[in-house]
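# Geometric and topological summary
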Amino acid sequence: MNLFKNIPLAIALSVLCACASQNPPPRPGSINSKVEQLSEMSYLQVTDLRAVKRNHLLTVQAEINNTDSDNQQLYYRFKWLDAAGFTVGGEEAWKPVLVYAYQKQTLSAVAPSPQVTDFKLVVQSPDNTGELP
Amino acid sequence: MEKYSNAFKATTLMLILSGCATQSPTLSSGNVEYGDSKTVETLTNEFGSTDLQTIAESMSSSLLQSPALFGKSRPLVTVAEVKNRTSEYIDTKSITDSIRAKILKSGMVRFAVDTSAMQTQVDELTRQNQTGLYKKSKSKKMGNMEGADFRIEGTITSIVKRAGDVKDVYYKFSLQLVDNESGVMEWADEKEIRKTSNKSMF
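Residues numbered from 1 in each chain as written. Chains lettered and ligands numbered in written order. Predicted model: local features only at pLDDT ≥ 70, side-chain atom pairs only at ≥ 80, totals over all residues. Heavy atoms only, no water.

### Points about the side chain of Ser158 of chain B
Following the sequence through the fold, Ser158 of chain B ends up in strand β3 (residues 150-163). Residue contacts for Ser158 of chain B: discarding those within four places in its chain leaves Arg85, Thr86, Ser87, Tyr170 and Tyr171 of chain B. (Helix = DSSP H or I, 4+ residues; strand = E, 2+ residues; numbered from the N terminus. Contact = heavy atoms within 4.5 Å.)

### Looking at the interface of chain A and chain B
Counting residues at the interface gives 17 residues for chain A and 16 residues for chain B. Carbon and sulfur atoms make up 59% of the area that chain A and chain B hide from each other, which totals about 1400 Å². Of all residues in chain A, the largest losses of buried area upon contact with chain B belong to Asn55, Ala93 and Trp94 of chain A, amounting jointly to 33% of the total for that side. At the boundary of chain A with chain B, the tally comes to one salt bridge. Note that Glu57 of chain B is salt-bridged to Lys95 of chain A, the shortest N-O span being 2.5 Å. Looking at the side of chain A that touches chain B, the elements with two or more residues in it are β3 (57-66), β4 (72-81) and β5 (95-99) of chain A. Per-class residue counts for the side of chain A that touches chain B are eight nonpolar, four polar and five charged. (Buried area = accessible area lost by both parts, 1.4 Å probe. Salt bridge = Lys/Arg side-chain N within 4 Å of Asp/Glu carboxyl O. Nonpolar A, V, L, I, M, F, W, Y, C, P; charged D, E, K, R; others polar.)

### Remarks on the sheet that holds strand β6 (residues 104-110) of chain A
Residues and elements named next belong to chain A. Taking strand neighbours across the sheet as the criterion, the three strands line up as β2-β3-β6 in an open arrangement whose pairing is antiparallel. A single partner strand is all that each edge strand has here, and the edge strands are β2 (44-54) and β6. Mean inter-strand twist for the sheet, computed between neighbouring axes without regard to direction, equals 15°. Taken together, the 10 bridges between β2 and β3 define a ladder with antiparallel strand orientation. Paired with Lys53 across the two strands is Leu58, which belongs to β3. (Pairing = 2+ DSSP bridges. Axes fitted to C-alpha atoms, helices over the stretch in contact; angles between N-to-C directions.)

### Things to note about the pairing of β3 of chain A
By the criterion of burial, β3 of chain A is predominantly enclosed, with eight of the 10 residues buried. What sits between the antiparallel neighbours β2 of chain A and β3 of chain A is a turn of two residues, in which Asn55 of chain A has the positive phi angle 55°. (Buried < 20%, exposed > 50% of the residue type's maximum accessible area, 1.4 Å probe, protein only.)

Structure below.
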């Protein structure tokens, strides 16, 4: 009987544990809020991200830093979003970029339409921790 | 009697479990599967889907920033030929079709029929005006086509080098925007791609 009494307590504890193990959500406006990593990259970091409207089109520039002594391969693409959060222009192709050892590589992209007001940078590197961020 | 009872229970359990299994709406031999059309393709170092997609994205985004295009209100553009000067077969029309689709989606530019589609355009106008099948008031008139303000033309070239087991391929895609009236080149850009393969196992 005592066993059944303890079930709600066990559920509450497991829920609390699950909450504790998750990373806090990124702050709005921070780089992490704009970057989606397909598992955490070991050696590559997005160190700078800036966006500006030029000729009615959102122009984005990202800086990727390679902290390793070996060259690193990066695959990336942008997701373009309108004011309501809907994707604009369909899916972009994944693009390969070679980032040399200790190099800072700049990626730049222009939104496909004037309707774009926001974006996400999706990145993946073959050398990663294998853990989802 | 107990034997039949156990068989009944087993059958019931199997029916319940098969009812729980999710049924995919597929008919497959098991050897074919759909993949991501946007994936980075490196099966060989010949011109591939990733090259076509990256060229189209790079050129369309650069072209949309051209002062000649955003300076005018929805200018009319046509696509001329992109010459293939590489050693391999590349469907350059497919590249320009992708570039045109991306630029059209922006809503900032209009496109006039290009030379490859002109015969279809003439045939349609002829059918509406000269077959006697259409109401005069409802048929589209001849002589109202609009001439394009600009034309897009370009070339794709390659340099291929081999050294032992290593093969290096360098592609350069060049595109230009030319004012049809003045002949002035208003915009030009290039996209370079390098692909290296190694046959060596060690």
